[in-house]
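Report on the structure
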Amino acid sequence: MTTATHRKPVRHLRHDPRQRPFIVIWEVTRACQLACVHCRADAIPLRDPLELTTDQGRGLLDEIASLGAPRPLIVLTGGDPFERPDLADLVAHGTAAGLSMALSPSVTPRFTRPTLTAMSEAGAKAVSISLDGASATTHDAFRQTSGVFDATEKAMALVRELGLRLQINTTVTADNVYELPRILKQVLDSGASLWSVFFLIPTGRGSLLNPLTAGQTEEVMHWLHEVSELVAIKTTEGPHYRRLAMQRERAGSGPTEDFQNPAAVDQALPVGELRQQLRADTARVLTGQEPRRRSSRPPIDVNSGKGFAFIDHVGTVYPSGFLPVPVGSVREQSFLDIYRNAPLMRQLRDPDAFGGKCGRCEFRNICGGSRSHAYAVTGDPLAEDPNCAYQPRGRRRRAPALNRATLRESRRQ
């Protein structure tokens, strides 16, 4: 008789995140034909003449590839990356350098079969598409453009038809949270390999929307963990999903993957109204279906500046696209030097330096809170995450005063 091996609730990077990122998001342009209400970038109609050039982009990709295996994942985003006529060239160059290249385009008239075929032939491996509502009413309202929902359904089918991996991105707010079960069904029907759920950060145009409360965020994350056996789940700006995964594992998992005790989880982590409703609606929308169940993919411990970096269209580097504190420019110094040595990037890898309950939380080394949410609400990227409902039991190891002084100095520079 074979005994199943116990799966850890959280995955850890196999390399030192202080030395190399796990994923790099490059905003190749800020131009986009849409004007989405939740846009982080405040996208613009036309390309900025100061965008990194093709040659500068090639050099950036070469530098990242020089790290050797395992090379960081590269996501070319925007705005809409399809607004750049040299996009296939950049994808091909990165692929030839040994990088895994992915795209995050907008669904506009530029999203065509010939364009996507060219990206596939250039070496693109995956495409992420946003789906922020279960119907045209909600989704098109997000995009402030009618017809995008129908076009998005066709775009998802095209990605799969061309053999590319499909990732679906959903920004969850207080206004669309009850649509999540129906969006889940669409994700499953689309054949997506990953569902990335974005927890709204009040920055850019998103500052005008209604974010979830901390309690609602907790409930949604519990539900996401429960449906993660149907599709791989990633929470963007929701690192406390990892803390919750560990809590659920401690409360209800046995010594192997085959032994789970959901009732024990519910007893230890009581179910609220929102989770009850999401569960009931999920059962209803999936009635008559038998989705293929899989072993849940544990979340990975990547956070702003810790395995993650963002480069904007003009070459400015940030810990995250949702954390608009610049830490350097690839026009002035090497990306790797910025990633490794910028004061804020170094601070973000030291959870003992975080303020409030994040700094004393016993899960700080695998969670760390959303640094973007902390900054958006308090103006301090090292503050506690106001969107986390957990009350920690740990104690701070040391005061963060010296680190905060370093942060102030880096801002003056």
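Every value quoted in this text rests on a predicted model; they were computed, and no experiment measured them. (Residues numbered from 1 in each chain as written. Predicted model: local features only at pLDDT ≥ 70, side-chain atom pairs only at ≥ 80, totals over all residues. Heavy atoms only, no water.)

Next up on the list: the overall build of the protein chain. Scanning the protein chain for helices and strands turns up 15 helices and 11 strands. Looking at the protein chain as a whole, 56% of its 413 residues qualify as buried. Taking as baseline every contact in the protein chain between residues at least 6 positions apart, the subset at least 24 positions apart corresponds to 74%. With an accessible surface of roughly 17,800 Å², the protein chain has 50% of that area assigned to carbon and sulfur atoms. (Helix = DSSP H or I, 4+ residues; strand = E, 2+ residues; numbered from the N terminus. Buried < 20%, exposed > 50% of the residue type's maximum accessible area, 1.4 Å probe, protein only. Contact = heavy atoms within 4.5 Å. Areas by Shrake-Rupley, 256 points an atom, 1.4 Å probe, with all protein chains shown as cover.)

In this section: the pattern of salt bridges. In the structure shown here, the tally under the stated rule is 18 salt bridges. Across the pair D189 and K185 runs a salt bridge whose closest N-O atoms are separated by 2.8 Å. You can see D189 and its partner K185 sitting in helix α6 (residues 180-190), 4 residues apart, about one turn around the helix. For K185, a relative accessible area of 25% gives the class partly exposed. For R248, the salt bridge identified is with E226, shortest N-O distance 3.6 Å. Within this pair, whereas R248 is found in helix α8 (residues 240-252), its partner E226 is found in helix α7 (residues 214-227), the two being separated by 22 residues in sequence. Each of E219, E226, R248, D266, R275 and R279 takes part in one network of salt bridges that share partners. (Salt bridge = Lys/Arg side-chain N within 4 Å of Asp/Glu carboxyl O.)

On average, residues of the protein chain carry a pLDDT of 89, and 88% of them reach 70 or more. Contacts from residues 1-5, a stretch scored under 50 in pLDDT, to residues over four places away or in other chains number 5 contacts. The low-confidence segment residues 398-402, where pLDDT is below 50, has 5 contacts with residues more than four positions distant or belonging to other chains. (pLDDT = per-residue confidence, 0-100.)

Under the definition given, this model contains 6 aromatic pairs. For R349, the ring lying beneath its charged end belongs to Y339, and the centroid distance is 4.5 Å. In this structure, R371 packs its charged tip against the face of F354, placed 4.1 Å from the ring centre. (Phe/Tyr/Trp six-rings, centres within 6.5 Å; stacked < 30°, edge-to-face > 60°. Lys NZ or Arg CZ within 6 Å of the ring centre and 35° of its normal.)

Attention now goes to the environment of F149. With respect to the secondary-structure elements, F149 resides in helix α5 (residues 148-161). Owing to a relative accessible area of 7%, F149 belongs among the buried residues under this scheme. Considered as a pair, F149 and T138 are 11 residues apart in the sequence and their alpha carbons are 8.8 Å apart. Residues contacting F149, with those up to four places away along its chain left out, are L131, G133, A134, S135, A136, H139, D140 and Q186.

The axes of two packed helices give the description: the angle between them and the distance between them. As a packed pair, α6 and α7 sit with axes 12 Å apart at the nearest point and diverge in direction by 30°. The angle between the axes of α6 and α7 places the two elements in the roughly parallel class. Seen from above, α6 lies across α7 with right-handed handedness. Here L180, P181 and L184 of α6 lie close against α7, whose contacting residues are V220, W223 and V227. Among the residues forming the contact of α6 with α7, the class breakdown is 6 nonpolar, no polar and no charged. (Axes fitted to C-alpha atoms, helices over the stretch in contact; angles between N-to-C directions. Parallel < 35°, antiparallel > 145°, perpendicular 65-115°, else oblique. Left-handed = near helix turned anticlockwise from the far one by under 90°. Nonpolar A, V, L, I, M, F, W, Y, C, P; charged D, E, K, R; others polar.)

With 5 of 5 residues buried, strand β1 (residues 23-27) lies mostly within the body of the structure. By the alternation rule, side chains of β1 split into I23, I25 and E27 and V24 and W26, which are all buried. Bridge count between β1 and strand β9 (residues 307-311): 4 bridges; the pairing is parallel. Residue pairing for β9: I23 is matched across the bridge by F308. (Pairing = 2+ DSSP bridges.)

Right, let's get into the pairing of strand β5 (residues 165-172). Within a regular beta strand, the side chains point alternately toward one face of the sheet and then the other, so they alternate between its two faces. A large share of β5 lies buried, amounting to 6 of its 8 residues. Summarising the sheet, strand β4 (residues 126-130) and β5 pair through 5 bridges and their orientation is parallel. Note on β5: the bridge partner recorded for I129 is I168. Two elements, β5 and strand β6 (residues 194-199), share 6 bridges in a ladder whose sense is parallel. The residue bridging I168 from the neighbouring strand is W195, located in β6. Taken together, β5, α6 and β6 constitute a β-α-β crossover, and its handedness is right-handed. (Right-handed = clockwise from strand over helix to strand, strands pointing away.)

Tracing the sequence through the fold places T316 in strand β10 (residues 316-318). The contacts of T316, once residues within four sequence positions are left out, are F310, I311, P326, G328 and S329.

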